[in-house]
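What the coordinates show
In case you want the letters, here they are:
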Amino acid sequence: MSAVGVDLGGTKIEAQVFGADWSVIARRRVDTPPDYTDLLAAISGLVVWAETVAGDMCPVGIASAGAVNRATGVMTAANLAAHGKRFPADLCAALDRPVPLLNDARALTLAEARFGAGVGAQSLLAVVMGTGMGGGVAIGGALAPMFAGVGGEFGHMALPAPVVAALGLPLVPCGCGRTGCVETILSGPGLSRMALHRTGEDVPPDVAIADPDVRADWISVLAEVLFSLILSHDPQVIVLGGGVSGSDGLVPDVARALATVAWPGFALPQLAVATQGGAKGAAWAAVQGIAG
């Protein structure tokens, strides 16, 4: 049986069609419309295309930035036209079927747990660092249950005080309305902010992480945050995802930094770079009947 996963971002929407062996049969990408009605129509159009490729009606899952208030059904996603809308209900109506809507980082977590670094692991924690920072937790190959729907929003924890003080890091407002959130440093824009603080130069993330001093400071923040997450969740595997995770040698560098801040004598999780995507996790959720 085929399945369809749709990865909804602020700039692009990509639909992927998966075959029975979970390989990608086909994919199509379109620009993300700024209008809400057009957004629903664009997703519907991609699903029609995907089912034409598959030759039949398929389970469909959506991976999207943002979070849904479980009490009201209203979406919070600053960079999408779905912000402030009852997006899950409207999406199901537009596609005329139940459609799981997962936060994109949680969808990646599920994909890694089922098909990636978490296969065979008791527990996995994913940290996704791109424009922002998020993540998720999987236990026994399934997403950990949540109460209010805010689990995995690691980027909105407070930056660790010792490293902020040691490095003299600026505490800046975050898009969530708080100040000094982790994602103001542990993200693509955060890397550039770290470079500006360290060198006085405003450079893109790929240039920033190539600077040895900037890289060392940034990884020291990441190690402290990862250790806090280890103390909270005690995962067997930690997967790093998002554009920032693509830096050469990041995993061994982070492993060394983590070993310096962790409690001595206790085993540390296996570290890996994500190889799976949110679209696959959303498609898996649709096949399994997993709600967002």
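Whatever comes next refers back to the structure up there.
A brief structural summary.

Quick notes on the rules
- Per chain, residue numbering runs from 1 following the sequence as it is written.
- Local features in a predicted model are, by the rule used here, given only for residues with pLDDT of at least 70; side-chain atom pairs are given and counted only at 80 or more, and totals for whole chains, interfaces and linings are based on all residues.
- The side-chain values count all of the structure's non-hydrogen atoms but skip hydrogen atoms and water molecules.
- Each helix is a run of H or I in the DSSP string that is no shorter than four residues. Each strand is a run of E no shorter than two, and both are numbered from the N terminus.
- Note on method: radius of gyration uses C-alpha positions; expected globular size equals 2.2 Å times residues raised to 0.38.
- Only protein chains enter the accessibility calculation, which uses a 1.4 Å probe; a residue is then buried when its area is under 20% of its type maximum, exposed when over 50%, and partly exposed in between.
- Salt-bridge detection follows one rule: a side-chain nitrogen of Lys or Arg within 4 Å of a carboxyl oxygen of Asp or Glu.
- We define the nonpolar core as a collection of buried residues of types Ala, Val, Leu, Ile, Met, Phe, Trp, Tyr and Cys that are connected through side-chain atoms lying within 4.5 Å of one another.
- A contact between two residues is defined here by any heavy atoms of the two lying within 4.5 Å.
- Note that the arc is computed from the directions linking the helix axis to the C-beta atoms.

Considering the overall build of the chain
Regarding its fold elements, the chain presents nine helices and 12 strands. Relative to the compact-globule value of 19 Å for 292 residues, the chain shows a C-alpha radius of gyration of 19 Å, a close match. A principal-axis box enclosing the C-alpha atoms of the chain has dimensions of 55 × 40 × 35 Å. A burial count over the chain gives 51% of its 292 residues as buried.

Some thoughts on the pattern of salt bridges
In this structure the tally under the stated criterion is seven salt bridges. With a closest N to O distance of 2.3 Å, D31 and K12 form a salt bridge. Taken together, the residues span a long stretch of sequence, with D31 in strand 3 (residues 24-31) and K12 in strand 2 (residues 12-18) at a distance of 19 residues. The salt bridge partner of D217 is R198, with a shortest N-O separation of 2.5 Å.

Structural notes on the nonpolar core
Counting residues in each nonpolar core, the largest one holds 41 residues, and the members touching the most others are V127, M129, L186 and W218. Within the residue set of this core, elements represented by two or more residues are strand 8 (123-129), strand 9 (133-139), helix 4 (161-167), helix 5 (188-199), helix 7 (212-233), strand 11 (237-241) and helix 8 (250-261). Per-element accounting of this core gives the leading share, 11 residues, to helix 7. Setting aside chain neighbours within four positions, we find M129 in contact with L186, W218, L222, L240, G241, G242, G243 and V244.

Side note on helix 9 (residues 278-288)
Counting buried positions over the 11 residues of helix 9 gives nine, a clear majority of the element. Buried within helix 9 are the following residues: G278, A279, K280, G281, A282, A283, W284, A285 and A286. A positive backbone phi angle near 70° is found at G289, which sits one or two residues after helix 9.

So, helix 2 (residues 87-95)
Residues spaced three or four apart along an α-helix point in a common direction, a consequence of the helix completing one turn every 3.6 residues. The set of residues buried in helix 2 consists of F87, L91 and L95. Taken down its axis, helix 2 places every buried residue within 55° of arc, on the same side. Contacts made by the buried residues of helix 2 are with strand 1 (3-8), helix 1 (36-54), strand 4 (60-64), strand 6 (75-76) and strand 7 (101-103). Phi turns positive, to about 60°, at D96, one or two residues after helix 2.

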